[in-house]
Structures are given as C-alpha cells and as structure tokens.
Amino acid sequence: MSSRERILGRVRRALADVHGEDTPVERAYLREHGARSVEETVELLAENLADYRAVVHRCAQGELAAVIGRLLAERGSTRVLVPPGLDQGWLAATDAEQVTDRADSTPYELDRIGSVVTGCAVAVAETGTLVLDGAPDQGRRRITLIPDHHICVVRVPGQVVSSVPQALGRLDPARPLTWISGPSATSDIELDRVEGVHGPRTLEVVLVTGGRPSAEADQGTGARGQDGSRLT
C-alpha cells in the first residue's frame, strides 16, 4: 500500500459518519473572548495594531484628508497609488501625484510609487488584523504588497469587530481576502527581524470616526461583491 493510499484511507475513515455536503458543522466555540463595549473593542484594536508595529492615528471624518495629507508629506511621497473606488475627498489635502491602479502595471512600476492609500473591509480587535477584500476602495491585492508605505483607513466603529469568527461572518469567501497583521516582517534563524520583505515596510492605520462608507465602496463588500474579473 502506498503512502497516498494510506492517507486517503484515513481520510475516508474519518469521514465515514458524514452524510453529504449539507451535514451541519457544530460551531460551539466562543465568538469572542469576554464582553467589551464598543469603545473597549476599538481600544483593543488600536493596542494590538501598535503591538504589531503599525502606526495608529485617530481622527474625525472631517479631519481625514488633512491627516492623510500630513502622513504622505512626512513620508516624502510624491506619488500615491489610488484604488479605483477610493473617496477622492480623502486625498484633497495632498499635492502628491495620484497614480491610478491599472491591470497592466508591472511590479517594477508599482515599486517606484511611494505610498498607497486604501480602505478596508473589516478590522479584528482581538488579533489586530485588517482584512481587505478587493472592494473598489481597496483595489487589487498587489497594490498593498509592493509599495513600501500603506495607509489604511478604518471606519470606527462600523468596520471593527471583536473576533475572527465575527469577521468571517461579514466576509464573502469567494472574494480575494488579504489579512494584514502589522507591516511585513520576517526573521532569520538568528531571529534578526527584517521588515518590508513580503509587503510594505510601514503600515499606518487611520481610525476615523463619523461618516458612512460610500455607496460605491459598499457595493464591493460581502455578498454584494462587484465583478471579480477586474481585481486579481
């Protein structure tokens, strides 16, 4: 008997009592750890984001453009990558050249752009994780992996949940999901930390209160998702 046959045999025995794909799966696990208020959940998100070495900023909706403009200026970014459905008001306070996300952009071209600004689909407080799902205000996955500086806007409290199970309940598994916990980082065998290898070296998260997601961005989230052929 080959190793393949042994493994498949074990799988068949493990599934012997499962009848069809519609068999309900027991989900008795906790959906969140402890009861927290909305304010406490947002505080936990900010704490865990910072623990992952993301830089956290807070502002009201009316201050968002000024904050993004300041962050781009401090970074020295003269070019900023813009997803197709990003609210143009977010970039009203910057003179940086706005580069439109294009399907034919090469990695070399994207690497020459200083910063990218996106929204997000949901933020998980317990893990300090941002989830992007390719909605119009987030764009293709690669535009947040190649530029060295990512500014991600999270609407508070509407896009903040306590736990991963709660986040999964909001997401469409058929969409291209990118889960981000801090800037890109890896360690070698001697545990020397190196940032920026697999994604942006610097992640800045803006927690913005007030306002509502734009109708265009909202169409790209969850079961109402846009045509996925435009985003890869």
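Preceding this section is the structure that the text describes.
Summarised in this report is the structure supplied together with it. Being a predicted model, the structure only gives us computed values, none of them experimental.

1. A closer look at the overall build of the protein chain
In step 1: Assigned secondary structure in the protein chain consists of 6 helices and 12 strands.
In step 2: Within the protein chain, the fraction of its 232 residues that count as buried is 41%.
In step 3: Taking the intrachain contacts of the protein chain between residues at least 6 apart in sequence as the baseline, contacts between residues at least 24 apart amount to 73%.

2. What to know about the sheet that holds strand β8 (residues 160–161)
In step 1: Strand order in the open sheet made by the 4 strands is β8-β5-β6-β9, with mixed pairing throughout. Edge positions in the open sheet fall to β8 and β9 (178–180), since each of these has one partner strand only.
In step 2: With 3 bridges joining them, strand β6 (residues 129–132) and β9 adopt antiparallel strand pairing. Residue pairing in the sheet places V131 in a bridge with W179 of β9.

3. A word on the nonpolar core
In step 1: Within the largest apolar cluster, 19 residues are counted, with the highest numbers of intra-cluster contacts made by L45, L130, V154, L203, V205 and L207.
In step 2: For this core, the secondary-structure elements that each account for two or more residues are α2 (38–51), β6, β7 (149–156) and β12 (202–209).
In step 3: Here this core takes 5 residues from α2, the largest share from any one element.
In step 4: Setting aside its immediate chain neighbours within four residues, L130 contacts L49, V122, A123, C152, V154, T178, W179, I180, L203 and V205.
In step 5: Formed by 17 residues, the second largest nonpolar core is a distinct cluster that contains W90, L91, V117 and V206.

4. Description of unusual backbone geometry
In step 1: A cis amide bond, omega 0 degrees, links V156 with the succeeding residue P157.
In step 2: Inspection of the secondary structure puts P157 in the loop between β7 and β8.
In step 3: Even without being glycine, R53 reaches a positive phi, approximately 75 degrees.
In step 4: Among the secondary structure elements, R53 is positioned in the loop between α2 and β1 (55–60).

Rules behind the numbers
- Residues numbered from 1 in each chain as written.
- Predicted model: local features only at pLDDT ≥ 70, side-chain atom pairs only at ≥ 80, totals over all residues.
- Heavy atoms only, no water.
- Helix = DSSP H or I, 4+ residues; strand = E, 2+ residues; numbered from the N terminus.
- Buried < 20%, exposed > 50% of the residue type's maximum accessible area, 1.4 Å probe, protein only.
- Contact = heavy atoms within 4.5 Å.
- Pairing = 2+ DSSP bridges.
- Core = buried A, V, L, I, M, F, W, Y, C linked by side-chain atoms within 4.5 Å.

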